[in-house]
Amino acid sequence: MLRILLADDHPLTRSGLAAWLEEEEGVELVGQAADGESAWTMLLETHPDLALLDIEMPNGSGIEIAERIMKRKLPTNVLMLTAYSAQQYVMASVRAGAKGFILKSAPFDRLRQAIEDTSRGIFYLDPSVSLVSDEAPAEELSEREKEVLILTAQGLPSSETARLLSITKRTVAAHLTSIYAKLGAKNKTEAILLALKRGIVLLDQLRYIDGEGTRQ
Amino acid sequence: MKKHLLLLLMAVVTLFTAGNFFVSLHAFRAQESAMDSMMRSYVLDLAENFSTTAAFTGGRGQAQRHGTPGMMRFRMLSADPALQSPDAGGILVVSKEGRIVSASPGAERLLPLWKGSAPDAAPREAVDAKGESYYVVVRSLDGGNFILAAVSRTYLLAPLTGVWKTWILSAMGTSAAVLVGMFLLWYWLAVPLRWIAEKLENVRWGKERSVRLYTGPLAELEALSSVIERLATESFEKEELKKRYVTDLVQAQEATRGQLARELHDGALQSAVAAVKRIQLAKQSAPSDADSPLRTHLDTAEEVVQTAEGEIRSYCEALSPSWVRLGLSSALEEIAGRLAQAYEGVETDVDIGVEIEAEAAAFPEEHVLALVRIFQEAASNSVRHGGARFIQAELRREGDLLRFSVEDDGSGFDADAYAGTDFEELRTSGHRGLANINERVRLLRGTMRIVSSRDSGEDEARPGEGCRLEILFPPPSPGERR
C-alpha cells in the first residue's frame, strides 16, 4: 500500500482528488491538508510515502514543504500538483527535491502514472509543460557536458560554473550550446528538464539548498 | 547690429573716450613745451634788452666808476613784468669775481643762480636755495662784467598755466574715469549677462532642481537671476510631479493587474480545476460503454472546462505572471524561455540567455516584475528592430548599486540620436517600448543608458554591431521586501 498525503487549499479540488484516491487500489490516503503548516504537521505525524503538494497554499507553499522534507532527509517523495504550467515552477520544484510535477487538471490515469513513477523514484513531468522537442532522439552527453549541465541546473551563474570546473566562461557557453544541440533544447531550463526526463541527469544531482548549489 | 547694441555702445564710448584721453595728453605735452619755449625766449629777451641798453647809454668806464651803472636802465626796464615783483625774477650785474655790481630790486637773492664766469649759450633751468625754479641766462657785458637774468617759472605764467593744466588734467581724468567705468560695465554687466544667457541656453528645464545663474555685485542681475532660478525650480517640481504621477499610474496599474490575476487564479481557475476533477470523477462512475451519451457529454464538458481553464490561466499570465513570485533568477529564466519560444521559427531562432551574478534572492515582487517587463520590452525591441539572434540579460553588482543589462548582437541602435532625449518625448514620438522601459526604471529608482557597441569598443562586444541597455539601480532595501 502506498501511503499518500494530499495538500491543496481549494476544498472542491481537494475533495475531488481525495474521492478518487480513496477509490484507487494500492494507495491509501493518510491525510488531507488545506495549508502549508497543517501539511507539514501531518507529514511529521503520518510519515507518508508520497506527498501530493499544491504549490500555491497559504502558510507555506508546496515548494517550501518539499525543501523541508529534503533538508530533514525524510523518506517521503514529493509530487507537485499545481495549476501553474510555467517551466520555472518545474525547476523550482526539482531544486526543492520534488520527484514529479503534474497539473491539477490532468486526467486521473495520468495522475496514476505520475504517482507510480514518482514513488519509484522516476522523474515525472506533465506533458502539458511545453517543451520544444520532447520526442527528439538525444545524443549522449560527454562527462564534461554533464558536469556543466548539472552546475547550471543548480542555478550557478556561468562564471561560477567556469571557476568550479577551471575552464573559461566562453568554454562553458560552448558546452551549453553543444548540450542544447544534442538534447534538442532551446534554453537552459529545457535542456535540464529534457535531461531529467531522459534520465541523463538524476534528480539527486540537482539538490539545491538555500539558494546555493550543494556539490558532492 | 541690434543684437550687439550694448557692446557697440560701449565700444563707441570707449573709443571716443580713449581718443579724448590721448588728445588731452598731447595737448598737455604741447602746452608744456610751448610754455617752456616762451619762458626761454622771454628770459633771453630780458637779458639781451638789458645788455643792449647798457651799451647804448654809457661807456664801460662810467659804469665802473660810479658803481651803480645802469640804474636808469633798470628804471627803463621796470615796466617788465618779471621785474615787478622780486619773486617773479630779476636782473643782476655781476663782476667776474662773483660780486654784485648792481641788481634790480630784491634781485640780490638770485646770486646763487650765478654758476661762474661763463656766459650761457641758451637759457637754462635752475633752482634757487628755496627750491624755486627759474629760467636763467647769463650774458657778458663790456668791461668784464656779466648780466644774469632770471625769471621764475611759477610766478610769471602761473595763473595761465594753472587753468590750462587743470582743464587738460580734468579732461584726462574724465576720460580715464569713463574708460574704467566702461571696463567695469563690461566686466560686471556685459560678461555676466552673456554668461547668464549661455547658462540659460543649457538649462534642462525640469531636469535640474536648482540652477545657479549669477553671483556678483549687481543687485539687478541678482534679482533677475533669482527669478529665473525660481522658475527652473518650479518647472523641476512640476516635472517631478508629472513623473511621480506616471510612476504612480504604472504602479497602480500593476497592482490592479496583480490583484485581478490573483482573484482569477484563486476563484475562477480553481473552480474550473475543481469542475474538471468532478467531471473526471463522474466519468469514472459512468458506464464504461464508450458510446453512451452520458460519456460523450462528460467528455465534451471536460474538454470545454479544460479550455476555459487554459484561457483563464493565460489571462492570469498576461495580467501578472505568477512566476515572478519564484524570484528574479527564475522569473528571468522563464521569460527568456517564453520569448525564445515566441520567436521560434517566426523569423530566425533567437538565443536568449540570463546571467545573475548578484544576490537577488530577496528581491521584492515589484522589482522582479519591473525587471521582467524591461527584459521583455528590450528583447522584443532587439528582435523586432535590431534583428538580433543573441540576447543576454545580466545582473551584476556595481559598487553599492546593481547593474541590469540586456545586450544583443542586432543591428545596433543609434544611441546618439536618443542621447538626452526626454523619454516622455519618446512616448509621444512613437517609441512606446523605450518609454515603457523608462517607466519601470523609474519604479526601480534607477537610471538607464543605451550603448551601441558601434561606439563603445568594449572587449566583451561581439563582432558585428549590437546594442546594450544598461540600468543602474539601488538594491531594494529590507523595508521594500514583501
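The paragraphs below set out a description of the structure included in this document. Values in this document were obtained by computation on a predicted structure and should not be read as measured data.

Across its full length, chain A holds 9 helices and 8 strands. Here chain A, with 216 residues, has 57% of them falling under the buried criterion. Long-range pairs, those at least 24 residues apart, make up 65% of the contacts in chain A with a sequence separation of at least 6. As displayed, chain A offers around 8,800 Å² of accessible surface, 49% of which is attributable to carbon and sulfur atoms.

Right, let's talk about the overall build of chain B for a bit. A tally of regular secondary structure across chain B gives 12 helices and 10 strands. In chain B, of all internal contacts separated by at least 6 residues, the share reaching a separation of at least 24 is 61%. Of the roughly 26,100 Å² of accessible surface on chain B, a fraction of 58% belongs to carbon and sulfur atoms.

What follows deals with the packing of aromatic side chains. All told, the structure shown has 8 aromatic pairs over all chains when counted by the stated rule. Residues Phe363(B) and Phe473(B) carry aromatic rings whose centres are separated by 6.3 Å and whose planes lie at 80° to one another, so their mutual orientation is edge-to-face. Remark: Phe473(B) occurs in strand β10 (residues 467-473) and Phe363(B) occurs in the loop between β6 (351-356) and α8 (365-386); sequence separation between them is 110 residues. Phe473(B) gets classed as buried once you look at its relative accessible area, which sits at 0%. Among the aromatic side chains, those forming a connected cluster through ring pairs are Phe183(B), Trp186(B) and Tyr187(B). A cation sits over an aromatic face here: Lys199(B) above Trp195(B), 4.3 Å from the ring centre. Sitting above the plane of the Phe108(A) ring, Lys277(B) keeps its charged end 4.6 Å from the centroid.

With that settled, consider the interface of chain B and chain A. Contacts between the two partners involve 35 residues from chain B, matched on the other side by 36 residues from chain A. Here chain B packs against chain A, burying approximately 3,100 Å² in sum over the two surfaces, 47% of which is carbon and sulfur. Of all residues in chain B, the largest losses of buried area upon contact with chain A belong to Lys277(B), Arg313(B) and Leu326(B), amounting jointly to 17% of the total for that side. Applying the counting rule to chain B against chain A returns 2 salt bridges. A salt bridge links Glu333(B) to Lys188(A), with the nearest nitrogen and oxygen atoms 2.9 Å apart. Summed over the shared surface of chain B and chain A, the number is 20 residue pairs in polar contact (both at pLDDT 80 or more). Secondary-structure elements contributing two or more residues to the side of chain B that touches chain A are α5 (219-285), α6 (293-319), α7 (328-343), β6 and β7 (390-398) of chain B. Considering each element in turn, the side of chain B that touches chain A owes the most residues, 13 residues, to α5(B). Classifying every residue of the side of chain B that touches chain A gives 10 nonpolar, 10 polar and 15 charged.

Let us look at empty space enclosed by the protein. All names here are of chain B. For the structure shown, the criterion picks out 3 cavities of 30 Å³ or more. Estimates place the volume of the largest cavity at around 130 Å³. Ala261, Ser320, Pro321, Ser322 and Arg325 are, among the 15 residues lining the largest cavity, the residues nearest its centre. Counting only elements with at least two residues in the lining of the largest cavity, the list comes to α5 and α6. Of the residues forming the lining of the largest cavity, the biggest block, 5 residues, is contributed by α5. Of the residues belonging to the lining of the largest cavity, the class tally is 6 nonpolar, 4 polar and 5 charged.

This next bit is on the side chain of Thr17(B). You can see Thr17(B) is positioned in helix α1 (residues 5-57). When sequence neighbours within four positions are dropped, the list of residues in contact with Thr17(B) reads Ser175(B), Val178(B) and Leu179(B).

Glancing now at unusual backbone geometry. Even without being a glycine, Lys73(A) presents a positive backbone phi close to 55°. Within the element layout of this structure, Lys73(A) appears in the loop between α3 (62-71) and β4 (77-82). Judged by relative accessible area, Lys73(A) falls into the exposed class, the value being 72%. Of note, Arg445(B) is a non-glycine position whose phi angle comes to about 55°, a positive value. Considering the arrangement of structural elements, one finds Arg445(B) in the loop between α11 (432-443) and β9 (447-452). We classify Arg445(B) as exposed; its relative accessible area is 53%.

Residues and elements named next belong to chain A. Spatial strand order, β2-β1-β3-β4-β5-β6: 6 strands in an open sheet with parallel pairing. Two strands close off the open sheet at either side, each with one partner strand: β2 (27-33) and β6 (124-125). Sheet topology note: the strand β5 (residues 100-103)/β6 ladder contains 2 bridges and is parallel. Opposite glycine 100, over in β6, you have tyrosine 124 as the bridge partner.

Quick look at the pairing of strand β8 (residues 401-408) of chain B now. Residue and element names in this part refer to chain B. Burial within β8 is extensive, with 7 of its 8 residues counted as buried. Strand direction decides the pairing type here: β7 and β8, joined by 8 bridges, are antiparallel. Counterpart to isoleucine 391 in the pairing with β8 is aspartate 408. In textbook terms, the turn of a hairpin is the stretch between consecutive antiparallel strands, and for β7 and β8 this stretch comprises 2 residues, one of which, glycine 399, has a positive phi near 65°. Examined bridge by bridge, β8 and β10 share 7 bridges and lie antiparallel to one another. Considered in β10, the bridge of arginine 403 is made with leucine 472.

In this section: the pattern of salt bridges. Within this structure, the stated rule accounts for 32 salt bridges over all chains. Notably, a salt bridge pairs Glu222(B) with Arg212(B), separated by 3.9 Å at the nearest N-O pair. Of this pair, Glu222(B) sits in helix α5 while Arg212(B) is found in the loop between α4 (153-202) and α5, placing the two residues 10 residues apart along the sequence. Take Glu222(B): its relative accessible area is 29%, and that puts it in the partly exposed class. Taking the relative accessible area as the measure of exposure, Arg212(B) reaches 45% and is therefore partly exposed. We note a salt bridge from Glu398(B) to Arg403(B), for which the minimum N-O separation is 3.0 Å. Linked by salt bridges that have partners in common, Asp8(A), Asp54(A) and Lys104(A) make up one network.

Next up on the list: the packing of α5(B) against α6(B). Pairs of packed helices are described in terms of their axes, by the angle between the two and the distance that separates them. All names here are of chain B. Running from N to C, α5 and α6 cross one another at 165°; their axes reach a closest spacing of 9 Å. Comparing their axes, α6 and α5 come out roughly antiparallel. The handedness of the crossing between α5 and α6 is left-handed. Along the lines of polarity and charge, the residues of the contact of α5 with α6 split into 19 nonpolar, 3 polar and 7 charged.

So, how was this worked out
Every chain is numbered on its own, with residues counted from 1 as its sequence reads. Chain A is the first chain written and ligand 1 is the first ligand written, with later ones labelled in order. Given that this is a predicted model, residues contribute local features only at a pLDDT of at least 70 and side-chain atom pairs are listed and counted only at 80 or more, while totals for whole chains, interfaces and linings are drawn from all residues. Hydrogen atoms and water are omitted, and side-chain values are computed over all heavy atoms in the structure. To qualify as a helix, a DSSP run of H or I must reach at least 4 residues; to qualify as a strand, a run of E must reach at least 2; elements of each kind are numbered from the N terminus. Residue burial is assigned from relative accessible area. The probe radius is 1.4 Å, only protein chains are included, and a residue is buried under 20% of its type maximum, exposed over 50%, and partly exposed in between. Note on contacts: a residue pair is in contact if any heavy atoms of the two residues lie within 4.5 Å. Residue exposure ignores everything except the shown protein chains as possible cover, and the areas themselves are Shrake-Rupley values with a 1.4 Å probe. Each Phe, Tyr or Trp ring (for Trp, its six-membered ring) is paired with any other whose centre lies within 6.5 Å, and the angle between the two planes then decides the class: stacked below 30 degrees, edge-to-face above 60, tilted in between. Only when the NZ atom of a Lys or the CZ atom of an Arg is both within 6 Å of the ring centre and within 35 degrees of the ring normal do we say a charge sits over the ring. Buried area: the accessible surface (1.4 Å probe) lost by two parts on joining, summed over both. When a carboxyl oxygen of Asp or Glu is within 4 Å of a side-chain nitrogen of Lys or Arg, the pair counts as a salt bridge. Nitrogen and oxygen atoms within 3.5 Å of one another constitute a polar contact, given that in protein one can donate a hydrogen and the other can accept it, and given that sequence-neighbouring residues count only through two side-chain atoms. Note that Gly is not counted as nonpolar here; it falls among the polar residues with everything else outside the nonpolar set of Ala, Val, Leu, Ile, Met, Phe, Trp, Tyr, Cys and Pro and the charged set of Asp, Glu, Lys and Arg. Using only the protein atoms, space was sampled on a 1 Å grid; points where a 1.4 Å probe fits but cannot get out form cavities, open sets with protein on both sides within 12 Å along at least five of seven lines form pockets, and lining residues are those with an atom within 4 Å of a point. Grid points are joined across faces, edges and corners, and a volume is the space filled by probe spheres set on the points. Pairing between strands is defined by DSSP: at least two bridges between the two strands are required. Every axis in this analysis is a line fitted to C-alpha atoms, fitted for helices over the stretch in contact. Angles between the N-to-C directions lie between 0 and 180 degrees. Here is the rule for angles: anything less than 35 degrees is roughly parallel, anything more than 145 is roughly antiparallel, 65 through 115 is roughly perpendicular, and the remaining ranges are oblique. Crossings are sorted by hand: turned counterclockwise from the far helix by less than a right angle, the near helix makes the crossing left-handed, and turned clockwise it makes it right-handed.

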